[in-house]
Amino acid sequence: MGYTSLDKIKALQKNPANVRNLCILAHVDHGKTTLADSLVASNGIISSRLAGKVSGLKRLRRPEKDFNCRKTPVIVLECDMKYICCSTFSTSVSVCTQAVLRQAWLENIRPVLVINKIDRLIMELKLTSQEAYTHLQKILEQVNAVTGSLFTSKVLEDRAVKEERAEEDKEEGDIEPAECPGSEQVYDWSAGLEDSDDSQLYFSPDQGNVVFASAIDGWGFSIQQFAQIHSQRMGIRAEVLLKTLWGDFYLNAKAKKIMKGAHAKGKKPLFVQLVLDNIWSLYDAVVTRRDKEKIEKMMMSLGVKVMTRDSRHSDPKVLLSAICSQWLPVSQAVLFMVCDKLPSPLDMTSERIERLMSVGARRFHSLPLQTQELKTAFMQCSSDDTAPVIVFVSKMFMVDAKALPQNKQSEGVSGQMQGLPLKAKPEEEEEKETFVAFARVYSGVVRRGQKVFVMGPKYDPAQGLRMVRIVSACLPPVPHLACCTMDSLYLLMGRELEELEEVPSGNVLGIGGLEECVLKSATLSTSPALPPFIPLNFEATPIVRVAIEPKHPSEMPKLVRGMRLLNQADPCAEVLIQETGEHVLVTAGEVHLQRCLDDLRERFAKIEISASKPIIPFRETVIRPPKVDMVNEDLGKQQKVAVIHQVKESDTLHLDPSGLVTLTTPNRQATVGVRAIPLPEEVTLLLEGSADLIRTLEQAGQAQREGRTLDMSTWTLDALMVLKSRLEVLLQGRKWRNAVDRIWAFGPRRYGPNILLNSVEGYQRPSVWHCLEREKGEKEGGAKAEASAIRDFDNSVVSGFQLATLSGPMCEEPLMGVCFSVERWDMNFPTQRTHLDSVTEEDSNSLDASVSESPGEAAGQQEASGKAGGAGETPSQAEGAVAGASQGRRRAEVVLVDCYGPFSGQLIAAVKEACRHAFQAKPQRLMAAMYTCEIMATAEVLGRVYGVLGKREGRVLQEEMKEGTEMFIIKAVLPVAESFGFADEIRKRTSGLASPQLVFSHWEVISSDPSWVPTTEEEYLHFGEKADSANQALKYMNGVRRRKGLYVEEKIVEHGEKQRTLSKNK
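These lines cover the structure that appears in this document, whether it is placed above or below.

Conventions adopted
Numbers given to residues run from 1 along each chain, matching the order in which its sequence is written. Reporting of local features is limited, given that this is a predicted model, to residues whose pLDDT is at least 70; pairs of side-chain atoms are given and counted only at 80 or more, and all residues count toward the totals for whole chains, interfaces and linings. Only heavy atoms go into the side-chain values, all of them from the structure, while hydrogens and water stay out. The cut-offs for exposure are 20% and 50% of the maximum accessible area for each residue type, with area from a 1.4 Å probe on protein chains only; residues under the lower value are buried, those over the upper are exposed, and the others partly exposed. Numbering of helices and strands runs from the N terminus, with a helix taken as a DSSP run of H or I at least four residues long and a strand as a DSSP run of E at least two residues long. Read the arc as the range of directions from the helix axis to the C-beta atoms. Residue contacts are counted whenever heavy atoms from the two residues lie within 4.5 Å of one another. What makes two strands pair is DSSP finding at least two bridges between them. Axes here mean lines fitted to C-alpha atoms, for a helix over just the part in contact, with angles spanning 0 to 180 degrees between N-to-C directions. Salt bridge, as applied in this entry: a Lys or Arg side-chain nitrogen positioned within 4 Å of an Asp or Glu carboxyl oxygen. To sort the angles, those under 35 degrees are grouped as roughly parallel, those over 145 as roughly antiparallel, those from 65 to 115 as roughly perpendicular, and the leftovers as oblique. Handedness of a crossing follows from how the near helix is turned relative to the far one, being left-handed for an anticlockwise turn of less than a right angle and right-handed for a clockwise one.

1. Quick word on helix 35 (residues 982-989)
Three or more residues of helix 35 are buried, namely Phe 982, Ala 983, Glu 985 and Ile 986. For helix 35, the angular spread of buried residues about the axis comes to 165°, placing them on one side. Of the surrounding secondary structure, the elements contacted by the buried residues of helix 35 are helix 22 (590-604), strand 29 (924-938), helix 34 (942-951), strand 31 (967-975) and strand 32 (995-1005). Directly beyond the C-terminal end of helix 35, a positive phi value near 60° is found at Ser 991.

See the structure below:
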C-alpha cells in the first residue's frame, strides 16, 4: 500500500462509519511497537523494512516507554475497542494482560486478540507444528478463563442485586404471599449462568477475533484467509473450512471429507495440516537449511517475487520477511479483523455514554434535563454545525517546537537566506518544546481557533447552566469552569504532525494551545450542560516517592519548571511540595521512577539533579494482645503489664488498666477519655475500598451543617445503605453493639480507614449516616432533632482525631484499622469572663453557673428560672428581667459559640494526645505496602529464586508447573521496601532465566513488635540478654524516624571502657 495523501485522509474522516479508533495494549516485550509500525508502514509513512527497528510512534510512546498496567487507562476513553497483543513465548497470561482484559470488561469495550511471536516457537523453543498447536490452544484457554471469570462475577453480582430488590419489595408488601405460593419452601439454587448468553464473549479463531502473527517477520493471518485459499484448491466451501480449521477436525484423504476426532484417532488437526505445516516448511527452507531450489519453488507456488538484494542477503531473516510480508502481510490481517469485528463511533452504546457522563455520586438520571439531552449527540456522532462540540483530552505529550507544521514551512525560505548573517538565538528558544493534547471528538466539528469550555473534575453542570449560556472570553466566576482557544489542530501521522483546519466527529486528533488550561486530562465542550467525563482509573496507584533537588541551587527554577512539565506529561506521576519545602516525585514503581528521573534530566529540566533514596510509605496499627510470646510460650501477666505501662502518667494524664486514657487540657476546662480498639481486617478493607462513598457521605454532612442540600442519586443512597449494612454485619459482638450508629467520623482526611466512635454517656449527636435518614427525620418532626443537637466544640474533637490518625506515634505515619472510642468528655468553664469588658455585675451573675453537659438540660434550667421569676414581679420588672436574661444569653452564646478560640486549640491538642497515648497502650505494629510478585522460571533456577525471595522478606503463595513445559509459575508477596534492585538481582542470580512482574497489592501487618524486649525467662534464653537479633519492624521504623529527623533510640558505643583499633599493633 502506497502513501496516503492528506486530502484523502480528510475525506475519509468525514464518514464515521468507516472510522475505527483502537489502542494496542500488551505486556513488556510482547511486540506492541513492531505491530504498530507494521500498521503505520502499510500507509507508506515509514518503510516496511524499518518496522520494529525505528519506531514510527516514538514521539507518542516516549512518556510511556516501559508499558505497565498503570498506563492502560490513558487511551481507554479515546477508543471504541481494544486490540490486545499476547506473546506466545509466555506460557501463561501475564498480570498486565489480565489487567487489560479486566479493564476492557469494566469499560464495556470490545477487545480482539493478536497472538504474537509465533516465530519464537519455531526458532527458539524448537516446537513441532503439532506441539505449537497445543501451545496455542492453552494460551487461548487461559485468556478465555480470565474473561469467563469476569463474566461469572458480573452475572452473580446482578443476581445478588435482584435478590436484594426482591427482599425489599417483599418487606414493603408489594408481593403478596398468595401471588407466589410456596415461595418460602422453594429456593432457586441456579446462579443465572445457564440463561446468560456468552457465545460472543470469548476469543476463538473461527469467530474471526483472533490473529496469529510474527510482527518482527512481517506476517500474520486469521483462519478466514486460509479458508479462502484452501476452498479454491480443495473444492470445499469456505464456510465449512471456517468452522473446522480450528478444532478437533482432520482431513480424511481417502474419503475426501473433514471428520471429527483428530486427537482420539491420532490424526493431524486441520489447523496443523493446512496452516502450520506450511509456515514451518517455509522457516525450515529459508532459515534453517537455506535450500535455494525449495525456496524458488515455494515462491513460485505462492506467487511471490522478491528483490535480488533480498535473495542474496547474508541474513536469511531478510529474505523470510520479504516473502512473508507479501504472502501473509500482518497489517492486512489486523485491518480486516478490525474492520469486521470492531465497532465504529456510530455504534457507541447508551450504557457507555451514561457511564462517561456519571461522575462520582451523581448518576445519569439525576443530571439536569439539558445534560441528559446531550446523550442524543453522543449517539448520533453528528458533524452538523448545530451539534454541540464534545471533546475529551486523555493525555498531553511533548513535541519539539521545530517539528510543528507551522515551523516547518519556513525551512524553504531559510535556505535562500543562508548567506545573510543571522543573530544567534537564545538557548531556551532553540530547545523549546510544546505540549500537544491527544484528544477524541465525540460530537460536532472541531475548528481551529474555536473557543470551548474546559470542565474541571468537580464541575457541576446544574450550577453552570444557571450562570453561563455561551462561550465567551469573559466568563462569570463559575467554579471549575474555564474557557480556552484551540490554536491549532493536528493529524497524528506516526511521528509527523499535519496541520488541519477542522476535524469531524468520531476522529482522534492533536490539539495545540491547551497547555495552560489542561493539566493531564480534561473534557472540552461548547455546551455548559456537559458534565466532566469520569476520571481515569489506574490499576496501580503511585506509591514510591523520592525527594529531588538540583546539584546547583541556582538551577532550582529550572527544576520546578521541569517537574511541572513532567507532571503534565506523565499521567501516573505525581509532583508534591511538602511542608518542609522538599520537591517530591511519586511514581508507581522502580522502573517508572527511573524513567521519570531520566526524563527530568534529558527532556524537561535538562539539568543535573540528585534524588534521595526512595521513600516508602508505611501505616501504623494496633492488634489484639498476643497470646504467646516470641518463643511461642503462653504469656503471663508480666508481659501484659510491660505493654500497658509504656504510657507514662502525669497529673493531667491517667491510664486505666483496661486501656482507657484520660487527659485534661492545660487550663483544666475539659477532660477527654479515649480508648483504642483494633478494627477487624474485613472492616479495614471495606473502609479502604469505599473511600469515595465515605467522601460523598462527608460532603453531604458538611452541606447539611452549612444549611445547604446536596442532591444524591438513588444509586448513591443505595450504595451507602449497603456500606452501612455490611459494617453492621462485620462489627458484631458485645463491644461493637450499635457501633455503626455511633460513628462520629472517619479519618484521616475524613474518609480514611479509621473510626472515631461516640461512647459519651448522655451525648446523642446526629449520626454520620444522617443523609440516609433525612426523609424519615422530616416526617417525625423536630423533636428528634432537638434531642440530638451537636455540642459546641464537637468539631474540635473531630479535628484532634484527624490529626492523630494522620501521623501516628511510632514514626509519624498515617494510622490504619484503628477505632478510637471517646468514652468521656467533660467541660467545666470558669465563673468569670474577664475578657468581656462590657459585662456588668448584674449581667455577670447570669454567667456564674457552669455550662451544662447536655443542651436539653440547659434549656430546662432556663425554662424553670423563667417561670420562677415571673410569678411575683411587676410587668416592668419582668420586662427588665427578660431583657437582662436575653442579654446574658447573647453574651453566653458569644462565649460558647466561639469554637475557634484558645480553648478550641487546647481541646484539639488534648484529643490528639489522648488518641496517641491510647494507641501506645495497645500492642503496636507497622503495616508495610506489599507487591504481588509473579515469577516465571525453569526448574534449574527455582532454588535461586526462593533464595532471593527469602533474603528480601518475600513469602511464596503458590507454585505450579505448566503442563507440557519446564516452566514454573511462582506467585509471592514482597514488601515494597525490599523491591528495589529485586528484578536485577533475580536476573543475575538466574542468568536471565527468571523474570518477575510486580504489581501493588495490599497493606500487610508486620508480625514483629518494633518495641519488643525480652521479658520472660524463655525469651532471655532464646534471644540473649541484649536481644540484638534483626527486628525487621524496628529497622523500618528507625529508618523512617531517622529520615524525618525524629529521635532514634540506638546505642552508638557498646563498650566505652575498652578501645579497639582496626590497625595492626606497631
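That shown, we press on.
2. Brief notes about the pairing of strand 4 (residues 210-214)
Burial within strand 4 is extensive, with 5 of its 5 residues counted as buried. A two-sided burial pattern is seen for strand 4, the buried positions comprising Val 210, Phe 212 and Ser 214 on one face and Val 211 and Ala 213 on the other. As paired strands, strand 3 (residues 110-116) and strand 4 are joined by 3 bridges and run parallel to one another. Along strand 4, the bridge assignment pairs Val 114 with Val 211. Direction of pairing for strand 4 relative to strand 5 (residues 219-221): antiparallel, over a ladder of 3 bridges. Of the residues in strand 5, the one forming a bridge with Ala 213 is Gly 220. Once strand 4 ends, the chain turns through 4 residues before running back antiparallel as strand 5, passing Gly 218 with a positive phi of about 80°.

3. So, the sheet that holds strand 11 (residues 451-455)
Pairing within the open sheet is antiparallel, and its 8 strands lie in the order 12-11-17-8-9-16-13-14. The open sheet has two free edges, formed respectively by strand 12 (481-485) and strand 14 (496-500), since each of these has just one partner strand. For this sheet, the mean inter-axis angle between neighbouring strands, taken without regard to orientation, is 40°. Both strand 9 (residues 433-443) and strand 16 (residues 508-512) contribute to a ladder of 5 bridges, which runs antiparallel. Bridging across to strand 16, Ala 437 finds its partner in Ile 511.

4. Focus: the sheet that holds strand 21 (residues 609-611)
Taken together, the 4 strands give an open sheet; going across it, the order is 19-20-18-21, and neighbouring strands pair in antiparallel fashion. Each edge of the sheet is formed by a strand with only one pairing partner; in this case those strands are strand 19 (574-577) and strand 21. Averaged over all pairs of adjacent strands, the angle between strand axes in this sheet comes to 30°, irrespective of strand direction.

5. Re the pattern of salt bridges
Taken as a whole and judged by the stated rule, the model has 24 salt bridges. Notably, a salt bridge pairs Asp 692 with Arg 695, separated by 2.8 Å at the nearest N-O pair. Within this pair, Asp 692 and its partner Arg 695 are both found in helix 25 (residues 691-705), separated by 3 residues, close to a single helical turn. Asp 692 sits in the exposed class, given a relative accessible area of 54%. The class of Arg 695 is partly exposed, set by a relative accessible area of 30%. Salt bridges sharing partners connect three or more residues here, namely Asp 385, Arg 447 and Glu 502.

6. Some words on helix 2 (residues 32-41)
With 8 of its 10 residues buried, helix 2 lies for the most part within the structure. Along helix 2, the residues that are buried comprise Lys 32, Thr 34, Leu 35, Ala 36, Asp 37, Ser 38, Val 40 and Ala 41.

7. Some remarks on the packing of helix 10 (residues 270-289) against helix 13 (residues 316-327)
Angle between the axes and distance between the axes are the two parameters that describe a pair of packed helices. Relative orientation of the contacting elements helix 10 and helix 13 amounts to 150°, with a least axis distance of 9 Å. The orientation of helix 10 with respect to helix 13, classified from their angle, is roughly antiparallel. Read as a crossing pair, helix 10 and helix 13 show a hand that is right-handed. Contacts between helix 10 and helix 13 involve Asn 278, Ile 279, Leu 282, Tyr 283, Val 286 and Val 287 from the former and Pro 316, Leu 319, Leu 320, Ile 323, Cys 324 and Trp 327 from the latter.

Keep in mind these numbers describe shape, not what the thing actually does.
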